[in-house]
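Summary of the model geometry
So you can see what is in the structure, the chains are spelled out below.
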Amino acid sequence: MFGVTPDKDGQVTARIIDGKAIADSVLGEVRERVLALGSRGTEPTLAAVLVGDDPASMAYVKNKRRACEAVGIRSVLHRLSVDIPESGLLELIAELNHDRSIHGILVQLPLPDQIDSHRVIERIDPDKDVDGFHPVNIGRLVIGLDSFRSCTPAGIVELLVRSGVQIEGQHVVVLGRSNIVGKPLMNLLVRKDRGANATVTVCHSGTRDLAAYSRQADILIAAVGRAGFVTADMVKPGVVVIDVGINRVDDTAARRGYRLVGDVDFDSVSRVASAISPVPGGVGPMTVAMLMWNTVKAAQRTGT
Ligand code: GUN
């Protein structure tokens, strides 16, 4: 889609899609909206719920709260013990649903085994469901109505649009069918909207000869949760690659003893692709930016 140009060593190198820079520009727009709401007496507020002390979940929530602070959104953290019964979490959600000072509710996933995450998500008031996971919001997204869009899929579309990647009419292949990425993403991409209107193929663990599909992609989106899953032989030259994976791999040389890598083997694929989003610094910051966007949208809707 973009020109594929060899570098001075004759290697093809893809343009890097800078998720951090694009997320910063989204956050700038969010900040303006927060100021406008403030002048009308509304302080957008996000309630974050963290169950247990999983290090990755703690890091994600910390990141999200830091973004709130950066754009002027108030955030309130509710930490619950890892063995809290489901009823305890549902009670908290009922309280947050009724609290008019709370505009958005985020329950960090995954939840411990004793809690049914579907039941939890369904209890969140759809008007406060800034993650866009509630069946009402997913259903509205599927049929093309206004809704809270799931943050990672919305962030991916925004990343492509703001990088100047044409989506309309392109063949997008999505690897992964999760409820939080693959399914909402495929539905966003097939909508008859600007920045969508694509032909979408979804591949998953039951797909036979997955590479036969991935090689047909104009835009390939990898969300399988397996480090380095997509290799250069699985893509066609000039493809645009979006890497959704965030996988920890052991690295004794790293300060924390691990490093984060995506689902795409960046070194080999970036020599074949025309553009590629890195990990970290690609989709991750966009997910957080879209959460901020949704929280402001929730506050704008209520005007309280
Ligand atoms: N766990 C992994 N991704 C997400 C997300 O986007 N939102 C929430 N709430 N939990 C997650």
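First, a word on what this report is: a plain description of the structure on this page. Keep in mind that what you see is a predicted model, and the values were worked out from it rather than measured.

The helix and strand inventory of the protein chain stands at ten helices and eleven strands. For 304 residues, the compact-globule formula gives about 19 Å, and the C-alpha radius of gyration of the protein chain, at 20 Å, lands near that figure. C-alpha atoms of the protein chain, sized along the principal axes, occupy 60 × 40 × 35 Å. In the protein chain, which comprises 304 residues, the proportion classed as buried is 48%. Per element, the accessible surface of the protein chain, about 14,300 Å² overall, is 50% carbon and sulfur. Positive and negative charge centroids in the protein chain, built from 35 and 35 side chains respectively, lie 3 Å apart.

Taken as a whole and judged by the stated rule, the model has twelve salt bridges. Between Asp193 and Arg149 there is a salt bridge, with the nearest N and O atoms lying 4.0 Å from each other. With Asp193 in the loop between α7 (182–190) and β6 (199–203) and Arg149 in the loop between α5 (135–142) and α6 (151–162), this residue pair connects regions lying 44 residues apart in the sequence. Taking relative accessible area as the criterion, Asp193 reaches 27% and is therefore assigned partly exposed. With a closest N to O distance of 2.8 Å, Arg191 and Asp193 form a salt bridge. On the accessibility criterion, Arg191 (10% relative accessible area) is buried. Three or more residues are tied together by salt bridges with common partners; here these are Asp127, Asp146, Lys297 and Arg301.

Before going further, it helps to examine the packing of α6 against helix α10 (residues 283–302). Direction vectors running N to C along α6 and α10 enclose 110 degrees, while the axes themselves pass 8 Å from each other. As the angle between them shows, α6 and α10 are arranged roughly perpendicular. Here the hand of the crossing between α6 and α10 comes out right-handed. Counting all contacts with α6, which are made through Cys151, Thr152, Ala154, Gly155, Ile156, Glu158 and Leu159, the residues of α10 involved are Val283, Met286, Thr287, Met290, Leu291 and Asn294. Looking at the contact of α6 with α10 residue by residue, the class counts come to eight nonpolar, four polar and one charged.

The next thing to look at is the sheet that holds β6. Pairing is parallel across the open sheet formed by six strands, whose spatial order is β1-β11-β8-β7-β5-β6. The open sheet has two edge strands with one neighbour each: β1 (15–16) and β6. Sheet topology places strand β5 (residues 171–175) next to strand β7 (residues 219–222); four bridges connect them, and they run parallel. Its bridge partner lying in β7, Val173 is registered against Leu220. Packing against the sheet, α6 makes contact with β7 and β8 (240–243), and its axis sits at approximately 145 degrees to β8.

Let us now look at the environment of His78. Topologically, His78 is positioned in strand β3 (residues 74–80). In sequence terms His78 and Leu92 are 14 residues apart; their C-alpha atoms lie 8.8 Å from each other. The residues touching His78, leaving out its near neighbours within four places in the chain, are Ala47, Ala48, Val49, Leu50, Leu92 and Leu96.

Right, let's talk about the site of the ligand for a bit. The environment of the ligand is formed by Lys64, Leu106, Val107, Gln108, Leu109, Asp131, Phe133 and Ile180. Within the backbone of Val107, one N or O atom sits 2.8 Å away from a nitrogen atom of the ligand. Leu109 is positioned such that a nitrogen or oxygen atom in its backbone is 3.0 Å from a nitrogen atom of the ligand. Within the complex, the protein chains bury 83% of what would otherwise be the 280 Å² of accessible surface of the ligand. Tallied by class, the residues present in the shell around the ligand amount to five nonpolar, one polar and two charged.

Let's shift gears to the packing of aromatic side chains. According to the stated counting rule, one finds zero aromatic pairs in the structure shown. Across from the ring centre of Tyr258, 4.1 Å away, lies the NZ or CZ of Arg248, which sits over that ring. Just above the ring of Phe148 sits the side chain of Arg301; from NZ or CZ to the centre is 4.4 Å.

Reading the values: rules and limits
- Residues numbered from 1 in each chain as written.
- Predicted model: local features only at pLDDT ≥ 70, side-chain atom pairs only at ≥ 80, totals over all residues.
- Heavy atoms only, no water.
- Helix = DSSP H or I, 4+ residues; strand = E, 2+ residues; numbered from the N terminus.
- Rg over C-alpha atoms; globule rule 2.2 N^0.38 Å.
- Buried < 20%, exposed > 50% of the residue type's maximum accessible area, 1.4 Å probe, protein only.
- Areas by Shrake-Rupley, 256 points an atom, 1.4 Å probe, with all protein chains shown as cover.
- Lys, Arg positive; Asp, Glu negative; His and termini not counted.
- Charge placed at Lys NZ, Arg CZ, Asp CG, Glu CD.
- Salt bridge = Lys/Arg side-chain N within 4 Å of Asp/Glu carboxyl O.
- Axes fitted to C-alpha atoms, helices over the stretch in contact; angles between N-to-C directions.
- Parallel < 35°, antiparallel > 145°, perpendicular 65-115°, else oblique.
- Left-handed = near helix turned anticlockwise from the far one by under 90°.
- Contact = heavy atoms within 4.5 Å.
- Nonpolar A, V, L, I, M, F, W, Y, C, P; charged D, E, K, R; others polar.
- Pairing = 2+ DSSP bridges.
- Near = heavy atom within 4 Å.
- Polar contact = N/O pair within 3.5 Å; in protein donor to acceptor, adjacent residues only side chain to side chain.
- Phe/Tyr/Trp six-rings, centres within 6.5 Å; stacked < 30°, edge-to-face > 60°.
- Lys NZ or Arg CZ within 6 Å of the ring centre and 35° of its normal.

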